[in-house]
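Analysis of the macromolecular model
The primary structure of each chain is shown beneath.
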Amino acid sequence: MKDFFNYFSEIFKGVASLFRGMRVTGYYFFHPGQIVTQQYPENRKTLVMLDRFKGEVIMPHNENNEHKCTGCGICELNCPNGSIEIISKQILTDEGKKKRIIDQHIYHLDMCTFCSLCVKTCPSDALAWGQEFEHAVYDRSKLTKVLNQAGSQLMKGVE
Amino acid sequence: MAFNIYDFTSFTQSIDQGLNSVMPAFWAMITEMVIIGVAILAFYALVGLFLVYAERKVCAFMQNRVGPNRVGPYGIIQTIADLIKLLMKELVEIKKADKLLFTIAPFIVIIASFMAIAAIPFAKGLHAIDFNIGVLYVVAVSSLGVVGILIAGWSSNNKYSLIGAMRSGAQIVSYELSVGLSLITACILVGSLQLSTIVESQADGWLIFKGHIPAVIAFLIYLVASTAETNRGPFDLAEAESELTAGFHVEYSGIKFAFFFLAEYMNMFIVASIGATIFWGGWMPLHIGGWGSFNMVMDYIPPFVWYIGKTAVIIWIMMWFKWTFPRLRIDQLLTLEWKYLLPINLFNILLMAFIVLMGWHF
Ligand code: SF4
Ligand code: SF4
């Protein structure tokens, strides 16, 4: 007798749980307002990416065209696939001391795996993630970028 | 030529008489067969294309997506674009395949569903062939498709295909029982296997209302079992993309693949129309005994619209199943049939017979 009741209670429980699932999908079906799909090319103007989205590695510059990269080369060492090349140069400071500064911070977007190691390990927080994601180009060489802008300088106070 | 959207009898009869007056009876019959064949073929292709589109849209909405929306307004001609793509694809030759069987398998599948569609009453008088054993014929013919699936799996000479085909065989053998028995439950109430009689008998109320409890149970079992019979999710073990890549049609390409694809959707359409015909009255408008004016209003809607509407609702329910439930394992599949559906079904037949005997139906 117990088995008999178990048999039917199992059926009812099973059907009830199936209905629970069907209620969710049925609700979605009749509420198209819940659709989360973004209509990409149309919404290009209003598209806002998430903060943690990794589009490409950038080097933020302030309004005086100053960045924070000291040219230490730690990002180059940490990049697992050699996507970063640091070219540094020697200058003489005002006090007459020799100093090594960044000449070109070369970033190969086509080799980058977006692992974020460079951004995390930079001791002076010179790197960040940009939101740009439309990277399609016809020529691969366009994906090699120089991150420090022309004529830019090291920000005051960053060593 | 009398044309009446409420009753096609005079229309089809006038075609018949017209043909018979210009040619001998034998040739008239041949011509009629060709006309019907072409008409059904066109209907088949249209419904198939539309169903593929509908499935994508329905599944997209159930998953909070938009679905096809680029080709044409609301993506309406997406499936036509897909068809053109499939037509132009290369038919890959499988070296170790059994060439003959490999080639005829898709045709068997599609012919089986084609034969079933001939026996479906679309509207009053719009019925290609009205067997007195219509239900039996439809059940028999629609299960022929599995032969094609088995042949496809075997001749591909691929282990995934073979496993998929064997699963499909086990599945059809089991669920065919439930489909047949649940239809028999309905036939007990009507007392006929002829589809036109079954529809006529529902003029004063659909069978699912007339037979109340056992009819509702039979309808639910029919829904589950026919979903399984058409190899659709959650019973799509024969394809099981994640385990068997694509199951029995993994080696097929181009238009041969399209045949399997189309046949799956047409089988869904066929089982849905049989369900609608037998349990929901087919093209018969919704009539409630004694409500004269209400019945009159319902009669204004043409039977063909009723038929399509009911079929569409059942198809929508089957899509709802597919896009809600996860796929069953093969043992769960067989447990469901042999431990639950079949005993309930057998008991249900007895219950229905008893109710008919006592006259407790409406
Ligand atoms: S970006 Fe950071 S880690 Fe890389 S060279 Fe410049 S300061 Fe060093
Ligand atoms: S994100 Fe990773 S792969 Fe890309 S440049 Fe930085 S360290 Fe290299």
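This write-up is about the structure you can find in this document. Just so we're clear, the structure is a prediction, and the values are computed from it rather than from any experiment.

Rules behind the numbers
Residues numbered from 1 in each chain as written. Chains lettered and ligands numbered in written order. Predicted model: local features only at pLDDT ≥ 70, side-chain atom pairs only at ≥ 80, totals over all residues. Heavy atoms only, no water. Salt bridge = Lys/Arg side-chain N within 4 Å of Asp/Glu carboxyl O. Helix = DSSP H or I, 4+ residues; strand = E, 2+ residues; numbered from the N terminus. Buried < 20%, exposed > 50% of the residue type's maximum accessible area, 1.4 Å probe, protein only.

This model, assessed by the stated rule, comprises 10 salt bridges over all chains. Between Glu134(A) and Arg44(A) there is a salt bridge whose closest N-O contact spans 3.0 Å. Pair noted here: Glu134(A) is in the loop between strand E5 (128–130) and strand E6 (144–146) and Arg44(A) is in the loop between helix H1 (2–30) and strand E1 (56–58), with a separation of 90 residues, a long-range link. Among the ionic pairs, Glu55(B) bridges to Arg232(B), the shortest N-O distance being 3.1 Å. In this pair, Glu55(B) is assigned in helix H2 (residues 25–62) and Arg232(B) in the loop between helix H10 (212–229) and helix H11 (241–244), connecting sequence segments 177 residues apart. Residue Glu55(B) shares its accessibility class with Arg232(B), and that shared class is buried. When salt bridges that share partners are traced, they join Glu55(B), Arg232(B), Glu264(B) and Lys322(B) into one network.

Residue and element names in this part refer to chain A. With phi around 60°, asparagine 65 is a residue other than glycine that occupies positive phi space. Asparagine 65 sits in the partly exposed class, given a relative accessible area of 22%. Not every positive phi belongs to a glycine, and aspartate 125 is a case in point at roughly 50°. Assignment of secondary structure puts aspartate 125 in the loop between helix H3 (117–121) and E5. Overall, the relative accessible area of 49% leaves aspartate 125 in the partly exposed class.

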